[in-house]
Amino acid sequence: MTAIGDAQVERTLPEWSLAFVEPTAAQAAQLPEQWRPIALAADAGARCRLARSLWSRGFLAAVPRFAAALATRCADVRACIVHDCPALVYVMADDDGGHVSWVGYDPREFGPVPEFWQSFPASLRVFLREVHAGFVSGADGASFGPARPVHMVSLARFAGFPEGIPGWDEDGRIASTRLLRITSDGGNLHYCLSPDLAPGDIALVYEGDIDPADFGTTLDELMMSRFEART
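Residues numbered from 1 in each chain as written. Predicted model: local features only at pLDDT ≥ 70, side-chain atom pairs only at ≥ 80, totals over all residues. Heavy atoms only, no water.

**Things to note about the overall build of the protein**
- A tally of helices and strands in the protein yields 9 helices and 10 strands.
- Relative to the globule expectation of 17 Å for 231 residues, the C-alpha radius of gyration of the protein, 18 Å, shows essentially globular dimensions.
- Across its three principal axes, the protein shows a C-alpha extent of roughly 60 × 35 × 30 Å.
- Within the protein, the proportion of its 231 residues that are buried is 53%.
- Taking contacts inside the protein between residues at least 6 apart in sequence as the whole, the part at least 24 apart equals 54%.
- For the protein, the accessible area works out to roughly 10300 Å², and carbon and sulfur atoms hold 49% of it. (Helix = DSSP H or I, 4+ residues; strand = E, 2+ residues; numbered from the N terminus. Rg over C-alpha atoms; globule rule 2.2 N^0.38 Å. Buried < 20%, exposed > 50% of the residue type's maximum accessible area, 1.4 Å probe, protein only. Contact = heavy atoms within 4.5 Å. Areas by Shrake-Rupley, 256 points an atom, 1.4 Å probe, with all protein chains shown as cover.)

**Details of the nonpolar core**
- Counting 66 residues, the largest nonpolar core has L18, W55, F66, M92, F120 and I182 as its most contacted members.
- With near-sequence residues (within four places) excluded, F66 lies in contact with W55, M92, W102, F135, D220, M223, M224 and F227.
- Counting residues in each nonpolar core, the second largest holds 11 residues, with L155, L179, L197 and V205 among its members. (Core = buried A, V, L, I, M, F, W, Y, C linked by side-chain atoms within 4.5 Å.)

**Brief notes about the packing of helix α6 (residues 64-72) against helix α9 (residues 215-225)**
- Between α6 and α9, the least distance of the axes is 7 Å, while the angle of their chain directions is 40 degrees. The angle between the axes of α6 and α9 places the two elements in the oblique class. Contacts between α6 and α9 pair P64, R65, F66 and A69 from the former with D220, E221, M223 and M224 from the latter. (Axes fitted to C-alpha atoms, helices over the stretch in contact; angles between N-to-C directions. Parallel < 35°, antiparallel > 145°, perpendicular 65-115°, else oblique.)

**A few points about the sheet that holds strand β4 (residues 99-105)**
- One open sheet accounts for 5 strands, arranged β1-β2-β3-β4-β5; its pairing is antiparallel. Of all strands in the sheet, those with a lone pairing partner are β1 (19-20) and β5 (135-136), marking the two edges.
- Where β1 and strand β2 (residues 74-82) come together, 2 bridges link them in antiparallel fashion. Looking across to β2, one finds that F20 is bridged to C80.
- The sheet contacts of helix α4 (residues 44-53) involve β2 and β3 (85-93), and relative to β2 the element is tilted by about 75 degrees.
- The strands touched by α6 are β2, β3, β4 and β5; relative to β3, the strand with the most contacts, the crossing angle is about 85 degrees. (Pairing = 2+ DSSP bridges.)

**Overview of the pattern of salt bridges**
- Applying the stated rule across the entire model yields 5 salt bridges.
- A salt bridge links D76 to R47, with the shortest nitrogen-to-oxygen separation between them at 2.8 Å. In this pair, D76 sits in strand β2 while R47 sits in helix α4, placing the two residues 29 residues apart along the sequence. Grouping residues by exposure puts D76 and R47 together as buried.
- Measuring nitrogen to oxygen at the nearest pair gives 2.6 Å for the salt bridge that ties R178 to D196. Within this pair, whereas R178 is found in the loop between α8 (155-158) and β7 (180-184), its partner D196 is found in the loop between β8 (189-193) and β9 (201-206), the two being separated by 18 residues in sequence.
- In this structure R178 comes out as partly exposed when scored by relative accessible area, which is 31%. (Salt bridge = Lys/Arg side-chain N within 4 Å of Asp/Glu carboxyl O.)

See below:
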């Protein structure tokens, strides 16, 4: 498997600032211990296999289509520093013969436990704690996969009304302060967890409409949509 050059990787994440970690012991020391063999591997295929081997089985089972894509579409995995945080960039083949990338953050940078943590499916809690404290793509750095926990805020706070979006609760819907935005489609569709949802559900929120859906199926569809999205 041919390695993807720095410039090619950067083109898949045009809004991001990436500082690539060179394959030397001194550079690799910046990374979590379990990532160092990835940074030091000379072959792109080996880097992909090593990175995939770290993913928790529960999360892979929750997103089976993306799990299959991770096994078949991954062209390279590159270690880098993003916003002073170690990260792995997963470069994947898209639907048009090009590439698209996700950024997986260092689990050591998990930070404070997000609000409504007990509402997170167990598979997601393990993934964020042990694999990547955020696995995202898109120009906003918080879409097409679970955002960094430090970026997960209530929909009310995201909208600029931390005490609650005016008029939101008039019809007995889930309060905007109790919907935790964990990712988006890169546009106006927000994916939220809440203690007021049934266990295993996630809420798709668009212009005030709230549609509960199965967490794994919905997240899988969102992540797969990135292969055709150009956001």
